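# Residue-level structure breakdown
Take a look at the letters that make up each chain.
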Amino acid sequence: MIRLPALVSIVCFTVAAFLAHAQTGGEQAEQREPERWQVVQCGTLLTRADRPARSNASVIVRNDRIVEVREGFVGAEQAGAPAGSEVTVVDLRGMHVLPGLIDCHVHLTFETSPEGRLRTVTDSEADAAINGVVYARRTVEAGFTTVRDVGSQGDACFALRDAINDGRLVGPRVLASGQSITPTGGHADRTNSFRPDVFGIPGPIQGVADGVEACRQAVRNQVKRGADCIKLTATGGVLSNIGAGLEQQFFDDELKAIVETAHLLKKKVAAHAHGVHGVNAALRAGVDSIEHGTFLDDESIALFKQTGAYYVPTITAGKAVETYSKIPGYYIGPVVEKARTVGPMIQNAFERAHKAGVKIAFGTDAGVFPHGENAREFVYMTEAGMSPIDCIKAATLNAAELLDIADEVGSIEAGKSADLVAVAADPLKDVSELQRVRFVMRAGAVARDER
C-alpha cells in the first residue's frame, strides 16, 4: 500500500517529468524550424512612392517581416541573424525593386467569357472557389501582393482568402466583401432575367435588399459570414442583363442605412457607381470609395474632396467591355449597349478627377478581363496624365490607406510585411515595365522568380 506522501511525490515527479519533456519537445521543435532570414540585394530600391529611389541597398527579411533597409549590398553574414538561422541572399542587384502592388477592385472567383451566362446556372460555389485558386496565383505572380475582392458568390472568396492566409495556397493577401449589396433587379442581383424557379427569389441573406431594414440586415449578414469590407451597387452596371440603365437604383435612405451599418461594424464601404446621380448620392451617404465613377461631374469632385473618399477608376475594365461588345455573341441584350456607352468614358472620368486633385486608389475590375493583366491599368492612367510615380503611389500608399492596412503594406519599411516586386527596367521611365514583373515576394515567400 502506497502512503499519501509517497503518492504525492510520485504525482509531482510525473508532472515535472511531463512538463520537462514538453519543454524539451518544444525546444526541439524550435530547433527543427529555425527562423528564415533573407537578404534582398537591390540595384535600385523604391521604399516609398513619396520618396526618391535609392541605389545599391539591401532589405533584411526575417520570416514574413522586414527587419530593416540598409545601404549597400549586405551579405548573409552581416544580416544579423542569430546562430543556426537560415540566411538566403536574393540577388536583385541588376533590378528595380518596389513595394508589392495593391489592386483595390478585383473579382478573384470568376472571369467573364462568352459562356458567362451559361456558367451562372452551371457553376457552383465550389467551382467559383477552384477558379479563385487559379486566378489568385496568376494575380500574385503579376506582382499584386494584396487585393480587395469586391463581389463573389457565397462563401467562395472567404474560403480562398483563409486558405491563402493559412499558407495552403499561393496568392495575394485578400480583403473580401463577399456578396455585393444590391436592390432587387440591381447590378449584383445574379437572378436578373432568369426564370424564378432557377434561383428562387433572393433576399438580404443573398445581398439583395429593398428598404432600410433589409439593407441593414444584408450588411450584417455579410459581416457575419466574414466580410472585411462592404460593397454596394449604387447604380446599374454594365454586365447585368437588365435594361434599367446606369443611374441610381438605391434610394438615399437605403444608401445611408448600408453605410451607417457598415461603419458601425468597423467596415469600409465601396460603391459601384456609374451614373452621376448615383455617384453623388453614394458620396453624400458617406461611402469610402467610388468604383468606376463613369459620369462624375463637378459636384462629384467637390463631394470627393469634402468627404475624403477615394476614387477607384477601373479603366481597364472599361476598355475591355468596349472591345468585347464588338465581338458578335460575346454579350447579350442590353449589356452590349451599356458596354459601348461606358467603355470610352471611364478614362475621361479618371483624367478629370486626377486633374482636380481627387484621391486615387488603384483598381482594375480584374475578372471583367483576364486576371494577371492588372498592370495594364498603369498605362491607361499615364495616358490620362498621371505620372508613373503617382501611378505607383496609387497602387501602394494610397491603396493601403483606403484598405486601412497602411501599417502592414504599401511601402518597404521595418515592421511591415515583406512584400516586394522587381522588374528589369526603371518603371518610373516606362510604367509598362510593371506588366513584365520578374520577381515577387509576398510575406517573405517567393511567389515568382524569373531572374
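Look a little higher up for the structure.
Anyway, here's the lowdown on the structure attached to this text. Given the structure is predicted, the values throughout are model-derived calculations rather than measurements. (Residues numbered from 1 in each chain as written. Predicted model: local features only at pLDDT ≥ 70, side-chain atom pairs only at ≥ 80, totals over all residues. Heavy atoms only, no water.)

### Brief notes about the sheet that holds strand S6 (residues 144–149)
Rules: Between any two strands, pairing holds if DSSP finds at least two bridges. Here a strand is any run of E in DSSP of at least two residues, a helix any run of H or I of at least four, and the numbering for each starts at the N terminus. Where helices are involved, their axes are fitted lines through C-alpha atoms of the stretch in contact, as for all axes, and angles between N-to-C directions lie from 0 to 180°.
Here we have three strands laid out as an open sheet, ordered S5-S6-S7, and parallel in their pairing. Of all the strands in the sheet, the pair left with one neighbour each is strand S5 (101–106) and strand S7 (173–176). Between one strand axis and the next, the sheet turns through 15° on average, direction left out of account. Relative to S7, S6 is paired through four bridges, and the arrangement is parallel. Along S7, the bridge assignment pairs Arg148 with Leu175.

### Concerning helix H4 (residues 156–165)
Since the α-helix advances by 3.6 residues per turn, residues separated by three or four positions end up pointing in the same direction. The cut-off we apply is this: Exposure categories follow from relative accessible area, calculated using a 1.4 Å probe and restricted to protein chains: below 20% of the type maximum is buried, above 50% is exposed, and the middle band is partly exposed.
For H4, a buried count of seven out of ten residues is recorded, marking the element as mostly surrounded by other parts of the structure. Every buried residue belonging to H4 is among Ala156, Cys157, Phe158, Leu160, Arg161, Ala163 and Ile164, and all of these are buried. Gly167 sits one or two residues past H4 and shows a positive phi near 85°.

### Side note on unusual backbone geometry
For Asn56, which is not glycine, the phi dihedral falls at a positive 50°. Here Asn56 is to be found in strand S2 (residues 54–62). Judged by relative accessible area, Asn56 falls into the partly exposed class, the value being 39%. Non-glycine residue Thr314 carries a positive phi angle of around 55°. Tracing the backbone shows Thr314 in the loop between strand S11 (310–312) and helix H10 (315–324). Note on Thr314: relative accessible area 0%, which makes it buried.

### With respect to the pairing of strand S14 (residues 445–449)
Two elements, strand S13 (residues 439–442) and S14, share four bridges in a ladder whose sense is antiparallel. When the bridges of S14 are listed, Arg442 appears paired with Ala445. In textbook terms, the turn of a hairpin is the stretch between consecutive antiparallel strands, and for S13 and S14 this stretch comprises two residues, one of which, Ala443, has a positive phi near 55°.

### Quick notes on the side chain of Asp149
This is how it is decided: By the counting rule applied here, Lys and Arg register as positive and Asp and Glu as negative, while His and the ends of each chain are not counted. The salt bridge criterion pairs a side-chain nitrogen of Lys or Arg with a carboxyl oxygen of Asp or Glu, the two atoms within 4 Å. In protein, a polar contact means a hydrogen-donor-capable atom and an acceptor-capable atom, both N or O and within 3.5 Å, with residues adjacent in sequence counting only if both atoms are side-chain atoms; elsewhere, any N or O pair within 3.5 Å suffices. Note on contacts: a residue pair qualifies if any of its non-hydrogen atoms lie within 4.5 Å across the two residues.
As for its placement among the helices and strands, Asp149 is situated in strand S6. Within the buried core, Asp149 has no salt-bridge partner, and the shortest N-O distance to an opposite charge, that of Lys231, equals 8.1 Å. A polar contact is formed between the side chain of Asp149 and the backbone nitrogen of Leu108, at a distance of 2.6 Å. For Asp149, the contacting residues outside a window of four places in its chain are Val106, His107, Leu108, Thr109, Cys157, Val174, Leu175, Ala176 and Ser177.

### Some thoughts on the packing of aromatic side chains
We apply this condition: For this analysis, a ring pair means two rings from Phe, Tyr or Trp (six-membered ring only for Trp) whose centres lie within 6.5 Å, classed as stacked if their planes differ by under 30 degrees, edge-to-face if by over 60, and tilted for the remaining angles. Think of it as a cone above the ring: NZ of Lys or CZ of Arg counts as a charge over the ring if it is within 6 Å of the ring centre and within 35 degrees of the ring normal.
Tallied over the full model, the rule gives eight aromatic pairs. Taking the centre distance of 5.6 Å and the plane angle of 25° together, the rings of Phe144 and Phe362 count as stacked. Pair noted here: Phe144 is in strand S6 and Phe362 is in the loop between helix H12 (346–355) and helix H13 (376–383), with a separation of 218 residues, a long-range link. Linked through ring pairs, Phe144, Phe362 and Phe378 together constitute an aromatic cluster. The positively charged end of Arg93 is found above the aromatic ring belonging to Phe73, 5.8 Å away from the centroid. Lying over the aromatic face of Phe369, Arg376 brings its terminal NZ or CZ to 5.5 Å of the ring centre.

### Some points on the nonpolar core
Note that soluble globular proteins tend to have their nonpolar side chains buried in a common cluster. The test is simple: Nonpolar core, defined: a set of buried Ala, Val, Leu, Ile, Met, Phe, Trp, Tyr and Cys residues in which side-chain atoms within 4.5 Å join the residues together.
In this structure, Leu232, Val287, Ile290, Tyr311, Phe378 and Met381 are the most contacted members of the largest nonpolar core, which totals 90 residues. Every residue in contact with Leu232, bar those within four places of it in the chain, is listed here: Ile181, Leu255, Ile258, Val259, Val269, Ala270, Ala271, His272 and Val287. Counting 17 residues, the second largest nonpolar core, distinct from the first, contains Cys42, Leu45, Val97 and Ala422.

### A look at the sheet that holds strand S3 (residues 65–71)
Spatially, S3-S2-S1-S4-S12-S13-S14 is the arrangement adopted by the seven strands of the open sheet, whose pairing is mixed. Each edge of the open sheet carries a strand with a single partner, namely S3 and S14. For this sheet, the mean angle separating the axes of adjacent strands, direction not counted, is 25°.

### As for the pattern of salt bridges
In total, this model carries 31 salt bridges according to the counting rule given. Taking the shortest distance from any N to any O, the salt bridge between Arg119 and Asp123 comes out at 3.1 Å. When its relative accessible area of 30% is taken as the criterion, Arg119 is described as partly exposed. For Glu141, the salt bridge identified is with Arg137, shortest N-O distance 3.1 Å. With a gap of four residues between them, Glu141 and Arg137 both fall in helix H3 (residues 125–141), about one helical turn apart. Accessibility expressed as a relative area gives 25% for Glu141, which makes it partly exposed. For Arg137, a relative accessible area of 40% translates into the label partly exposed. What emerges from the salt-bridge pattern is a single network uniting Arg48, Asp50, Arg51, Glu413 and Lys416.

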